[in-house]
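Next come the chains, spelled out residue by residue.
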Amino acid sequence: MSEAVARGLEGVNVTATKLCRIDGLKGELIYSGYNIYDLAEKSTFEEVAFLLWNLRLPSKTELAALEKELRAERPLSDLNERVLREIVGQIRPMRALEIAVIIAGALDSKSSDLTNVQLKTTAALLTARMPTVLATYHRLRQGLDPIAPRDDLGHSANFLWMLTGREPNALESRVFDVAMILHAEHEMNASTFSALVTASTLSDMYSATASAIGTLKGPLHGGANEAVYKTVEAIGVEANIPTHVEGMLGRGERVMGIGHRVYKTTDPRAIILEKLGHQLAETSPDRKYFDLSLKLRDYLARKLEGKPLYPNVDFFSASVYKMLGIPSDLYTPIFAMSRITGWTAHMLEQYADNRLVRPNALYEGADNRAYVPVEKR
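A short tour of the structure in this document, coming up. In this text the structure is predicted, and so the values were computed from the model without any measurement.

1. Some remarks on helix α16 (residues 331-352)
- Taking 1.5 Å of rise per residue, 22 residues should cover 32 Å, and α16 covers 32 Å from first to last C-alpha, within 8% of that figure.
- Its axis deflected by about 45 degrees at R339, α16 carries its strongest bend there.
- For α16, the tally of buried residues reaches 20 of 22 residues, placing the bulk of the element in the interior.

Below you can see the structure in the form of structure tokens.
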């Protein structure tokens, strides 16, 4: 491959943004000027959504207005629920989410209105609706009736309620809310770029979101957290770690959740999730997954000593979600449920100063070939 080609666009700035700054050497993640550690400790997912969409924190009145708007948009349309009932058990949750987003766009008569005010309304609708889609689909595939959203619960706690039918305690609600904050935005990752490519054609926000979901679905992006869970589950007990890891490395397989294209030190989100995992593990019957993750992390640190490989956000999100009672095939859809705020925030920037994304490709094929009729080939 020619040196003129930046494979994977690594190191290439494709746009300018005011939303997110990552310092991979220092392990810093900043949302519009606010350090992720401060937001994880002091903020809420709803507040972070407002921050990403408006580049500032909301007033008390503005936050209450957004919370009210999100609550109002939680219920599914009749068509969306009917389709979920028809496809349940036939496709994976990520595909169901993608279909639900397309249906929501098809039903929105203002989907082609790309004014800033309407785009923010669409962003709020998508953010509010995705949790209901996932919880409804999960309940239906269990042969259970969907659970209606509750107006007295916040965004994250309401999802856990709709999913399990059990009101989460304060720690569970807070842990999941922080996990949502940590996944809300991460600069120009693959799914965000996919969304911007679609939006740059002046297609609507729903179509751009569907593009992003399709991109996030891949195991090298959002699918990594489910892969981490499968690895830990396959290991089973600490004594199996060396054999399992040696087998993976011998087959040329990656240990998912370790290493990151951007971070050259531990992902700050992994640090936060590990701390929360310790708190959940104190009372969780599924703490073995978290404990085994810690042992696996320590083994890999010894095994790969000298190599710059550290846990990323996927490594601990797998066991944290397990302790919250969330099935592993919902991990990636939940990633989308959070990242919709970042995707739509980047779309707001793209639509406000749009230029069609149309890069070049370096041609390295044959030249000056004479056409030969088919009967002479």
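2. Considering the sheet that holds strand β3 (residues 34-35)
- An order of β1-β2-β3 is seen for the three strands of this open sheet, with the pairing classed as antiparallel. Single-partner strands in this sheet number two, and they are β1 (20-23) and β3.

3. Some words on the environment of N225
- Secondary-structure assignment places N225 in helix α11 (residues 224-235).
- With 204 residues separating them in the primary sequence, N225 and R21 have C-alpha atoms 23 Å apart.
- When sequence neighbours within four positions are dropped, the list of residues in contact with N225 reads D314, S317, A318, Y331, T332 and F335.

4. Regarding the nonpolar core
- Y31, F159, F176, Y321, I326, I334 and M347 are the most contacted members of the largest nonpolar core, which has 110 residues in total.
- A per-element tally of this core places helix α6 (residues 116-141) first, with 12 residues.
- Apart from residues lying up to four places away in sequence, I334 is in contact with L134, F159, F176, M180, Y321 and I326.

5. Quick word on the packing of helix α2 (residues 45-54) against α16
- Contact geometry of α2 with α16 gives a least axis separation of 8 Å together with a crossing angle of 15 degrees. By the angle between their axes, α2 is roughly parallel relative to α16. In the crossing of α2 with α16, the sense of the turn from one axis to the other is right-handed. Packed against α2, whose contacting residues are F45, A49, L52 and W53, the element α16 presents M337, S338, T341, G342, T344, A345 and L348 at the interface.
- For the contact of α2 with α16, the per-class residue count stands at seven nonpolar, four polar and no charged.

6. Considerations on the pattern of salt bridges
- The full count for this structure, using the stated rule, is 18 salt bridges.
- Between K217 and E98 there is a salt bridge, with the nearest N and O atoms lying 3.6 Å from each other. Within this pair, whereas K217 is found in the loop between α10 (205-216) and α11, its partner E98 is found in helix α5 (residues 93-107), the two being separated by 119 residues in sequence.
- E98 gets classed as buried once you look at its relative accessible area, which sits at 13%.

7. A closer look at the pairing of β1
- Two strands pair when backbone bridges link them, and β1 and strand β2 (residues 28-31) are joined in this way by four bridges, in the antiparallel orientation. Looking across to β2, one finds that D23 is bridged to E28.
- Here β1 folds back onto β2, and the loop between the two strands holds four residues, one of which, G27, carries a positive phi near 75 degrees.

8. What about the packing of helix α8 (residues 170-182) against helix α13 (residues 268-281)?
- At their nearest, the axes of α8 and α13 sit 11 Å apart, and the two run at 170 degrees to each other. By the angle between their directions, the pair α8 and α13 is classed as roughly antiparallel. Between α8 and α13, the contacting residues are L171, E172, V175, V178, A179 and L182 on the first element and R269, I272, L273, L276, Q279 and L280 on the second.
- Taken together, the residues of the contact of α8 with α13 break down into nine nonpolar, one polar and two charged.

Calculation criteria
Residues numbered from 1 in each chain as written. Predicted model: local features only at pLDDT ≥ 70, side-chain atom pairs only at ≥ 80, totals over all residues. Heavy atoms only, no water. Helix = DSSP H or I, 4+ residues; strand = E, 2+ residues; numbered from the N terminus. Expected span 1.5 Å × (residues − 1). Bend = angle between axes of the 7 residues up to and from the residue. Buried < 20%, exposed > 50% of the residue type's maximum accessible area, 1.4 Å probe, protein only. Pairing = 2+ DSSP bridges. Contact = heavy atoms within 4.5 Å. Core = buried A, V, L, I, M, F, W, Y, C linked by side-chain atoms within 4.5 Å. Axes fitted to C-alpha atoms, helices over the stretch in contact; angles between N-to-C directions. Parallel < 35°, antiparallel > 145°, perpendicular 65-115°, else oblique. Left-handed = near helix turned anticlockwise from the far one by under 90°. Nonpolar A, V, L, I, M, F, W, Y, C, P; charged D, E, K, R; others polar. Salt bridge = Lys/Arg side-chain N within 4 Å of Asp/Glu carboxyl O.

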